[in-house]
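# Understanding the architecture of this molecule
Chain by chain, the residues run as shown.
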Amino acid sequence: MTTDSAGTGSAPSWAPGLRRGYGNVVTLGASKVIKVDASLGAIHTGDLLTTSPHAGYAMKVTDKVSAIGAIVGKALGNVETGTGLIPVTVTLK
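Computed from a predicted model, the values in this text were never measured in an experiment.

Turning next to the pairing of strand S6 (residues 71–75). Across three bridges, strand S4 (residues 48–51) lies against S6 in antiparallel orientation. In the sheet register, Leu49 faces S6, and the bridge partner there is Gly73. Here S6 pairs with strand S7 (residues 83–90) via three bridges, running antiparallel. Counterpart to Ala75 in the pairing with S7 is Val88.

Structure follows, in structure tokens:
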């Protein structure tokens, strides 16, 4: 997005519908650092993650069938106990 001297934004050529302000772009396969809760099971690199009963946190998937449609991504780090921050590959599966 470009900004003129008055501080108003103009749309970039790749997003002609975008007007003023900022836009968020969600990409599949992107990596993001998120909060995880390992109190229900240690999280290791490669584990699938889903929503946790602890609001705002993800946890390790223990039942893949019941987690269908609720998988946040794949862990790229480890948390043995408690809560922590780890990078995650964001996915739809």
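Back to the text.
It is worth spelling out the side chain of Asp37 at this point. If you trace the backbone, Asp37 turns up in strand S3 (residues 31–37). Buried within the structure, Asp37 lacks any salt-bridge partner; Lys35 is the closest side chain of opposite charge, at an N-O distance of 11 Å. Within the structure, Asp37 has its side chain in polar contact with the side chain of Ser39 (distance 2.7 Å). A distance of 3.4 Å separates polar atoms of two side chains, one belonging to Asp37 and the other to Ser52. Beyond its immediate sequence surroundings of up to four residues, Asp37 is in contact with Ile43, Ser52, His54, Tyr57, Ala58, Met59, Gly82 and Thr83.

Each value, and the rule that gives it
Each chain carries its own residue numbering, running from 1 in the direction its sequence is written. In keeping with the model being predicted, local features are shown solely for residues with a pLDDT of at least 70 and side-chain atom pairs are shown and tallied solely at 80 or more, while totals for entire chains, interfaces and linings include all residues. Heavy atoms throughout the structure, all of them, feed into the side-chain values; hydrogens and water do not. Two strands form a pair only when DSSP identifies at least two bridges running between them. By the criteria applied, helices consist of DSSP H or I runs no shorter than four residues and strands consist of E runs no shorter than two, each listed in order from the N terminus. When a residue's accessible area, from a 1.4 Å probe over protein chains only, is under 20% of the maximum for its type it is buried; when over 50% it is exposed; and in between it is partly exposed. Positive charge is attributed to Lys and Arg, negative charge to Asp and Glu, and no charge count is given to His or to the chain ends. Only one rule defines a salt bridge in this text: a Lys or Arg side-chain nitrogen within 4 Å of an Asp or Glu carboxyl oxygen. Each polar contact in these results corresponds to two N or O atoms within 3.5 Å; when the atoms are within protein, one needs to be able to donate a hydrogen and the other to accept it, and residues that are neighboring in sequence are counted only if both atoms are side-chain atoms. By definition, residues are in contact when any of their heavy atoms lie within 4.5 Å.

By themselves, these observations are geometric and do not establish any function.
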